[in-house]
Amino acid sequence: MVETMNNFTTGYISGINGSVITIHGSKDFAMREMVIVGNLKLSGEVIAIRGEDVIAQVYEVTTGLKLHEPVIGTGQPLSVTLGPGIIGNVFDGIQRPLESIMKLTGAFIGRGIDVDAINMTKKWNIDIKVKKGDMLTGGFVIGTVKESSSITHQVMVPPTLKGKVTKVVPSGAYTVGETIIIIEDDKKTHEISMVQKWPVRDPRPFINRIPVSKPLITGQRVFDTMFPIAKGGTGAIPGGFGTGKTMTQHQFAKWSDADIIVYIGCGERGNEITSVLEDFPKLIDPKSKRPLMERTILIANTSNMPVAAREASIYTGITLAEYYRDMGYHVAVMADSTSRWAEALREISGRLEEMPAEEGFPAYLQSRLSEFYERAGYVTSLCNKTGSVTVVGAVSPQGSDFSEPVTMNTKRFVRSFWALDKQLAYERHYPAVNWTSSYSEYIDELTPWYEKNVNKDFMVNRTKLIALLQEESKLMEIVKLIGSDILPDEQKLILEITKAIRLGFLQQNAFHEEDTFVPIQKQYLMMSCILKVNDKAKILVRKGIPVSVIKKTGVFSTLSKMKYTIKNDRLESFNELENNLISNLDELLLQYEG
Amino acid sequence: MKLEYIGLENIDGPLVVLSGVKGAKNEEIVEITVAGKKKLGKIIELREDACVVQVFEGTRDLSLTNTRTKLTGNPMMMPLSEEILGRILNGRGKPIDGLGDIYAKDKRDINGMPINPVARKYPRDYIQTGISSIDGLTTLIRGQKLPIFSGNGLPHNKLAAQIVKQAKIAGENFAVVFVAMGVKYDVAEYFKRSFTESGVLEKVVMLLNLANDPVVERIITPRCGLTIAEYLAFTLKMHVLVIMTDMTSYAEALREVSSSKNEIPSRKGFPGYLYSDLASLYERAGMLKDQEGSITQIPILTMPNDDITHPVPDLTAYITEGQIVLGRELFQKGVYPPITILPSLSRLMKDGIGEGFTREDHPDVANQLFASFARVQEIRALAAVIGEDELSEIDQLYIRFGKLFEKYFIAQSEDEERDMEQTLTLGWTLLGFLPVAELDRMSPKLIEKYYKAGSNERLLYKGI
């Protein structure tokens, strides 16, 4: 990279409209270039060039700016700093650590703050893996650093560089800025340190995509069993206010079996970020047995923080995710909420006086959404490791209307769709995922994995479960009109068993020690137990035993409580439970026949 | 020396355009003098050829030639000191109680600065309001923002006044900031009277932008109020309750300015940034790490046509930590407070109730009451079709439970104060009307400890 540090493009402010400014005085500004705005040194980004007028969005509040204050170009697009020290951090939308900002300006966020994205003075122990004379290409691993107890950081050659190693330092402790190797390519030398920059709007390159085949196990029954998402896949959680989008995202972030979680709080509540910050260091990752914070990266651009930085936060987050993917990790990105990001787009588009499409959103809303979701994937990285980025986006439809532009367009680009339902939330049925309007397109791709790793009947049973629920929703239409009393007993049984499914299986208590995370094996056993009881009960009903009598044995309520009564590490008790339930029913049958 | 600019270029609704202005800052306050009277305005757009100013007091009487405009060099500042307690201010933060100006110890930009999320403390202490449906089912937490969604003619003011009166906001060290935006004179007077009656008036700061005050002023009223609240909470370490009414009028003022700026509207003509704008108010609630003091917000908004999907309630609820919804149906049945519990919610409640906070059974009781009452609503819908007599035995029990729940749990009189213990016991008594097999949200341990089957109405009369 040729650095032209000494001849910056300079111009001056010639117009201010909210977070959007017009710059005059130079034609050398490039699209998407980062600029330093005004005497307050606010950061901004060039978003349009119209003849004389260069238009930039400013990532900070523009109050107090004056016309004719200078604007300086940085010659670089909006980029993130990549290197050891990212994990466990809380960043704002443009990768400034909020802890460092707090040290500078206290409890409230000030302006024009210039802080390093990662700690530049801390020394990291690097284990060098290359030697002089090696030919390196982009993405090649130079050395490894233990970044947290569960994450080994692979220090890689930036994807754009290659060459022969002419100098290399011995393994040992260095700061991230120190040169660790020098490579030569076509007579040009490049000094490489532990950090590299990458423009957030460009996807990081990889060798090739691999078809998805493994589920992202979340420990949540309605996801893992009913509507799974693949590692490297995309999913969306739309829901009106109060339906539990954020809670669901938190559960994903806490329990999913990804190696690294990037949680993007995009235009949401400050207290939600605080709750993550208070909870995650205390919670233990079931896989690595280490505090969850040691695998989590938080991006927090809350609703009251500047709107342009909110637009950038999504890209910042996914670029960090791609970087760890390149090291061979499975990364899950939670974006809460993509609607707020879309609104930021709309606001900036409005200030640019662009022609709006639906509901004031710009016409490029859908292409931006598809670009974002396409950055998910299961890939072979440049250093020949396999890693994945899974993206789960929350959507907050206005007026709970799923036909609004953000929900509609998101639906086109995601393959798992978990619709949250107001009515379920009113009943305090959480997670309030509606089982008739949600879907997962990954079922076919994931079936072999479930059959091999859980049980060969898994998908067959899942289909049965869904069929029962479908049947119930049909029956409920009738019940709404005439009540359940006059239904024949076969149908009453369906209502009873699906009630047990709803209470005992679909509902999951995020605040219960045992129920907040449920291993996939237990999910299977619960499901098969319910189905076995159903089969047996059907026989009884066919023999003429009324459902009300079966209900008195307490089998259904036992089913709905087994999630609590059987501990996650005592799965063998399922045998006993099943035998008990079946023999209860057998006894009843005997009494009846005898 | 400050320059004065004579005349204007353009006047359009609340906006005026000046030309040839030198050295103006974005969002700085300007003073416009017309016929000896001063009006305040804020610069909202700067161009080489023009400077667009939004005039808070309205543009009446202005002409292109009769004005003199002066730049103040500052954004809108609010003078602050502890003397502000007990004062009555207008919508721009100027005293109107005839007691003179506020002696300023500190002056702050009314736009405030966003609280750094890592500096926040997660709110966990509940505030007992003495109202069963709030304490039991949508518990208010200190530092929370919990709006009341209401409709025209519903008793939201009564409810807010009752909360102020009964809320135990911890002893002496509390204050109330009351922000009125576009409300009627009577309403402001009602609150003043009720503050006097409950003896808190000297702890209250009132900011009044009444229905006949300039519309654009409404945009700064809540910002002045919240700046005062931040000063009281984080400088003077008080526990501050902010009541803001009516947020719908506020949003309408925003729409008015937006449309005169020719901005592209989104839903129902409201500007696309309504969400961000509302968030810049609501997010000023909260608590800070290692600091005393808190800001709890109770914004009140009237849903136009009782429509909860209207952009103002909708976007509000996406920002606030829950909502208390008042319903016309309950009101017409004569139930006070007419809190419709199913759509009501307190997001922070889960971390502030239960063992160590209120009582061990609180989460389960709340959960069960919600679930059972949701069932009641389903059965009522069915009963409307087939008639109550045709309902099954168990459904009849639910109908009875629903009636009693509304009559004894939700309803209470304006001066009735129930403590948490009473509210929870009342909940159990009501659940006693349902057979134990129906309590599917309750842990068996709690059922054993608290459940008594076959309650009768006499128990409820006694208020147990």
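Residues numbered from 1 in each chain as written. Chains lettered and ligands numbered in written order. Predicted model: local features only at pLDDT ≥ 70, side-chain atom pairs only at ≥ 80, totals over all residues.

A. Broad picture of the overall build of chain B. Scanning chain B from terminus to terminus reveals 14 helices and 21 strands. Computed over C-alpha atoms, the radius of gyration of chain B comes to 25 Å, within 12% of the 23 Å expected from 2.2 N^0.38 for 464 residues, which places it in the range of a compact globule. Counting only C-alpha atoms and orienting by the principal axes, one finds that chain B spans roughly 80 × 50 × 40 Å. Across the 464 residues in chain B, those meeting the buried criterion constitute 52%. (Helix = DSSP H or I, 4+ residues; strand = E, 2+ residues; numbered from the N terminus. Rg over C-alpha atoms; globule rule 2.2 N^0.38 Å. Buried ≥ 20, exposed ≤ 12 C-beta atoms within 10 Å, placed from the backbone.)

B. The arrangement of the overall build of chain A in detail. Along the backbone of chain A there are 16 helices and 26 strands. Relative to a compact globule of 594 residues, whose C-alpha radius of gyration would be 25 Å, chain A shows 28 Å and is just as compact. Considered along the principal axes of its C-alpha atoms, chain A spans approximately 100 × 55 × 40 Å. Taking all 594 residues of chain A together, the buried fraction comes to 52%. Contacts in chain A between residues far apart in sequence, at least 24 positions, make up 69% of those at least 6 positions apart. (Contact = placed C-beta atoms within 7 Å.)

C. Seen up close, the environment of Val177(B). Residues and elements named next belong to chain B. Structurally, the position occupied by Val-177 is in strand E15 (residues 174–183). Taking the C-beta count within 10 Å as the criterion, Val-177 has 29 such neighbours and is therefore assigned buried. For the pair Val-177 and Val-335, spaced 158 residues apart in sequence, the C-alpha to C-alpha distance is 29 Å. If we ignore the near neighbours within four places in the chain, the residues touching Val-177 are Val-205, Gly-225, Ile-228, Ala-229, Val-240 and Val-242.

D. Summary view of the domain arrangement of chain B. Residues and elements named next belong to chain B. Entries for chain B in the domain assignment read domain 1 (4–71), domain 2 (77–351) and domain 3 (362–461). Each of domain 1 and domain 2 has a C-alpha centre, and the two are 30 Å apart. Considered class by class, the residues forming the side of domain 1 that touches domain 2 number five nonpolar, three polar and two charged. (Domains from an automatic or database assignment. Nonpolar A, V, L, I, M, F, W, Y, C, P; charged D, E, K, R; others polar.)

E. Summary view of unusual backbone geometry. Residues and elements named next belong to chain A. Backbone torsion omega between Tyr-430 and Pro-431 reads -10 degrees, so that peptide bond is classified as cis. You can see Pro-431 is positioned in the loop between helix H9 (422–426) and strand E26 (439–440). Positive phi is not limited to glycine here, since Lys-187 has a value of about 70 degrees. Inspection of the secondary structure puts Lys-187 in the loop between strand E15 (179–185) and strand E16 (188–193). Positive phi is not limited to glycine here, since Glu-353 has a value of about 55 degrees.

F. Examining the nonpolar core more closely. All names here are of chain A. Among the nonpolar cores identified, the biggest contains 302 residues, and Val-262 and Val-333 are the most heavily contacted of them. Element by element, the count of residues in this core is highest for helix H5 (residues 307–326), at eleven residues. Contacts of Val-333, omitting those with residues within four sequence positions, involve Val-262, Ile-264, Gly-317, Ile-318, Ala-321, Val-389, Thr-390, Val-391 and Val-392. (Core = buried A, V, L, I, M, F, W, Y, C linked by C-beta atoms within 7 Å.)

G. Examining the domain arrangement of chain A more closely. Per the domain assignment, the segments of chain A are domain 1 (10–79), domain 2 (119–194), domain 3 (210–443) and domain 4 (458–593). Summarising the inter-unit geometry, the C-alpha centres of domain 2 of chain A and domain 4 of chain A are found 58 Å apart.

H. Inspection of the sheet that holds strand E12 (residues 151–156) of chain A at higher detail. Residues and elements named next belong to chain A. What the four strands build is an open sheet, ordered E12-E11-E9-E14; its pairing is antiparallel. In this open sheet, the two strands that pair with only one neighbour each are E12 and strand E14 (172–175). Each neighbouring strand pair of the sheet contributes to a mean axis angle of 40 degrees, computed without reference to strand direction. Strand direction decides the pairing type here: strand E11 (residues 141–148) and E12, joined by six bridges, are antiparallel. Residue pairing for E12: Ser-148 is matched across the bridge by Ile-151. (Pairing = 2+ DSSP bridges. Axes fitted to C-alpha atoms, helices over the stretch in contact; angles between N-to-C directions.)

I. Spotlight on the interface of chain B and chain A. Taken together, the contact between chain B and chain A spans 59 residues of the former and 58 residues of the latter. Mapped by element, the contributors of at least two residues to the side of chain B that touches chain A are strand E5 (37–47), helix H6 (274–282), strand E18 (286–288), helix H7 (311–319) and helix H10 (362–386) of chain B. The element contributing the most residues to the side of chain B that touches chain A is H10(B), with eight residues. Looking at the side of chain B that touches chain A, its residues break down into 33 nonpolar, twelve polar and 14 charged. With three bridges joining them, strand E1 (residues 10–17) of chain A and E5(B) adopt antiparallel strand pairing. Across the sheet, residue Asn17(A) finds its bridge partner in E5(B), namely Glu45(B).

J. Main features of the pairing of strand E7 (residues 67–71) of chain B. All names here are of chain B. Across the two faces of E7 the burial differs, with Thr-67, Thr-69 and Leu-71 buried and Arg-68 and Lys-70 not buried at all. Bridge analysis of strand E1 (residues 4–6) against E7 gives three bridges, and the strand direction is antiparallel. Residue pairing across strands places Glu-4 opposite Lys-70, the latter belonging to E7.

K. Structural view of helix H6 (residues 338–351) of chain A. End to end, H6(A) covers 20 Å across 14 residues, agreeing with the expected 20 Å (1.5 Å per residue, within 8%). Looking one or two residues beyond H6(A), the residue adopting positive phi is Glu353(A), at roughly 55 degrees. (Expected span 1.5 Å × (residues − 1).)

L. Looking closely at the pairing of strand E3 (residues 15–18) of chain B. All names here are of chain B. Two elements, strand E2 (residues 10–12) and E3, share three bridges in a ladder whose sense is antiparallel. Note on E3: the bridge partner recorded for Asn-10 is Val-17. Two elements, E3 and strand E6 (residues 51–55), share four bridges in a ladder whose sense is antiparallel. The partner of Leu-15 across the bridge, within E6, is Gln-54.

M. The arrangement of the confidence of the model for chain B in detail. With 98% of its residues at a pLDDT of 70 or more, chain B shows a mean pLDDT of 92. The weakest mean pLDDT in chain B belongs to helix H14 (residues 457–461) of chain B at 75; the strongest belongs to strand E14 (residues 148–150) of chain B at 97. (pLDDT = per-residue confidence, 0-100.)

N. Spatial organisation of the environment of Glu27(B). Residue and element names in this part refer to chain B. With respect to the helices and strands, the residue Glu-27 is situated in the loop between E3 and strand E4 (29–34). For Glu-27, a count of 23 C-beta atoms within 10 Å corresponds to the buried category. Residues Glu-27 and Glu-83 lie 56 residues apart in sequence; the distance between their C-alpha atoms is 28 Å.

O. Spotlight on helix H15 (residues 555–565) of chain A. Residues and elements named next belong to chain A. Among the residues of H15, Val-555, Phe-556, Leu-559, Met-562 and Lys-563 are the ones counted as buried. One face of H15 carries all of its buried residues, which in axial projection span an arc of 120 degrees. On its buried side, H15 packs onto helix H12 (489–506), helix H13 (520–542), helix H14 (547–552) and helix H16 (573–593). (Arc of directions from axis to C-beta.)

P. Quick peek at the sheet that holds strand E10 (residues 135–136) of chain A. Residues and elements named next belong to chain A. An order of E10-E13-E15-E16 is seen for the four strands of this open sheet, with the pairing classed as antiparallel. Edge positions in the sheet fall to E10 and E16, since each of these pairs with one other strand and no more. Sheet topology places E10 next to strand E13 (residues 163–168); two bridges connect them, and they run antiparallel. Bridging from a neighbouring strand, Leu-136 pairs with Gly-163 of E13.

Q. Summary view of the packing of helix H2 (residues 156–166) of chain B against helix H3 (residues 185–197) of chain B. All names here are of chain B. Interaxial distance between H2 and H3 falls to 10 Å at its minimum, and their mutual angle equals 25 degrees. Here H2 is positioned roughly parallel relative to H3, judged by the angle of their axes. Crossing handedness for the pair H2 and H3: right-handed. Within the contact between the two elements, H2 uses Asn-157, Ala-161 and Lys-165 and H3 uses Val-187, Tyr-190, Phe-191 and Ser-194. Of the residues that constitute the contact of H2 with H3, the class distribution is four nonpolar, two polar and one charged. (Parallel < 35°, antiparallel > 145°, perpendicular 65-115°, else oblique. Left-handed = near helix turned anticlockwise from the far one by under 90°.)

R. View of the environment of Leu89(B). Residue and element names in this part refer to chain B. In this structure, Leu-89 sits in strand E9 (residues 88–90). A count of 23 C-beta atoms within 10 Å places Leu-89 in the buried class. Expressed as a C-alpha distance, the spacing of Leu-89 and Leu-208, which sit 119 residues apart in the sequence, is 6.2 Å. Beyond its immediate sequence surroundings of up to four residues, Leu-89 is in contact with Lys-94, Pro-95, Ile-96, Met-206 and Leu-207.

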